[in-house]
Amino acid sequence: TQLLEQSPQFLSIQEGENLTVYCNSSSVFSSLQWYRQEPGEGPVLLVTVVTGGEVKKLKRLTFQFGDARKDSSLHITAAQPGDTGLYLCAGARNAGNMLTFGGGTRLMVKP
Amino acid sequence: EAQVTQNPRYLITVTGKKLTVTCSQNMNHEYMSWYRQDPGLGLRQIYYSMNVEVTDKGDVPEGYKVSRKEKRNFPLILESPSPNQTSLYFCASRPRQSTSGANVLTFGAGSRLTVL
């Protein structure tokens, strides 16, 4: 059982559609990060959320950290083929060493 | 260019033949870590190092060794690889403490290992 559960695992949509990816846990995290990974590359950080209830926007991407700091969501508006990739959430339980990753959501946006 | 470099990028080997995957970073980061990525399981931490000569086990350390003799290098050693170590491996680094207090990692491009 994963500490961080991501859903859905796979998502295939048409260009222009909206989507939301969820990252849920029963544990409290001091911060939560979202990464995007393309084939043949390592994950690249998109955003870090630190405060419960925090909302951050990155162009068409909106990230939210749950009030209790146990969950997060990533919403993409008007998805484009360039958004295709593996999206990973990762939670830190303190400012120390361990990041726990979710299983990932593989997104495909078809033109 | 600031980066984490892993080698080799691809390797096919046989059970029991010792191998080393190298990792080097040019950002003067204190913290380095190794992860393995398997379908549906995300990234699981193998070992990490807070600084030179300081290493600790992550979630899945069995069958692996690491060393941190220099700040820039953090090799991953498989003394006797087995087929269940077939995976995609990532090295990552970060400063000891980022300005935001969060653990912002810079990842290498990955090393795909197949053990027959």
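Throughout what follows, the structure given in this document is the object of discussion. (Residues numbered from 1 in each chain as written. Chains lettered and ligands numbered in written order. Predicted model: local features only at pLDDT ≥ 70, side-chain atom pairs only at ≥ 80, totals over all residues. Heavy atoms only, no water.)

## Concerning the state of the cysteines
All names here are of chain A. By the definition in use, this model includes two disulfides over all chains. In this model Cys-23 forms its disulfide with Cys-89; the gap between the sulfur atoms is 2.0 Å. Looking down the S-S bond of the Cys-23 and Cys-89 bridge, the torsion is 75 degrees, so its handedness is right-handed. Of this pair, Cys-23 sits in strand β3 (residues 19-24) while Cys-89 is found in strand β9 (residues 85-92), placing the two residues 66 residues apart along the sequence. (Disulfide = S-S within 2.5 Å. Helix = DSSP H or I, 4+ residues; strand = E, 2+ residues; numbered from the N terminus.)

## Brief notes about the interface of chain B and chain A
Contact with chain B, which involves 25 residues of that partner, is made by 24 residues of chain A. Interface area for chain B against chain A, summed over the two sides, is near 1800 Å², with a carbon-plus-sulfur share of 50%. Remark: the boundary between chain B and chain A carries zero salt bridges. Across the chain B-chain A interface, the total number found is three residue pairs in polar contact (both at pLDDT 80 or more). Elements supplying a minimum of two residues to the side of chain B that touches chain A: β4 (31-38), β5 (42-51) and β9 (87-94) of chain B. Looking at the side of chain B that touches chain A residue by residue, the classes come out as 13 nonpolar, nine polar and three charged. (Contact = heavy atoms within 4.5 Å. Buried area = accessible area lost by both parts, 1.4 Å probe. Salt bridge = Lys/Arg side-chain N within 4 Å of Asp/Glu carboxyl O. Polar contact = N/O pair within 3.5 Å; in protein donor to acceptor, adjacent residues only side chain to side chain. Nonpolar A, V, L, I, M, F, W, Y, C, P; charged D, E, K, R; others polar.)

## Digging into the pairing of β3(A)
Residues and elements named next belong to chain A. Judged by which residues are buried, β3 turns out to be one-sided: Leu-19, Val-21 and Cys-23 face inward and are buried, whereas Thr-20, Tyr-22 and Asn-24, on the alternate face, are not. Direction of pairing for strand β1 (residues 5-7) relative to β3: antiparallel, over a ladder of three bridges. Paired with Ser-7 across the strands is Tyr-22, a residue of β3. In terms of strand pairing, β3 meets strand β8 (residues 71-76) through six bridges, oriented antiparallel. Residue pairing across strands places Val-21 opposite Leu-74, the latter belonging to β8. (Buried < 20%, exposed > 50% of the residue type's maximum accessible area, 1.4 Å probe, protein only. Pairing = 2+ DSSP bridges.)

## Here we look at the sheet that holds strand β8 (residues 76-78) of chain B
Residue and element names in this part refer to chain B. Ordered in space as β1-β3-β8-β7, the four strands form an open sheet in which the pairing is antiparallel. A single partner strand is all that each edge strand has here, and the edge strands are β1 (4-7) and β7 (65-66). Here β7 runs beside β8; their pairing, made up of two bridges, is antiparallel. Residue pairing across strands places Lys-65 opposite Ile-77, the latter belonging to β8.

Shape is all these values report; function is a separate question.
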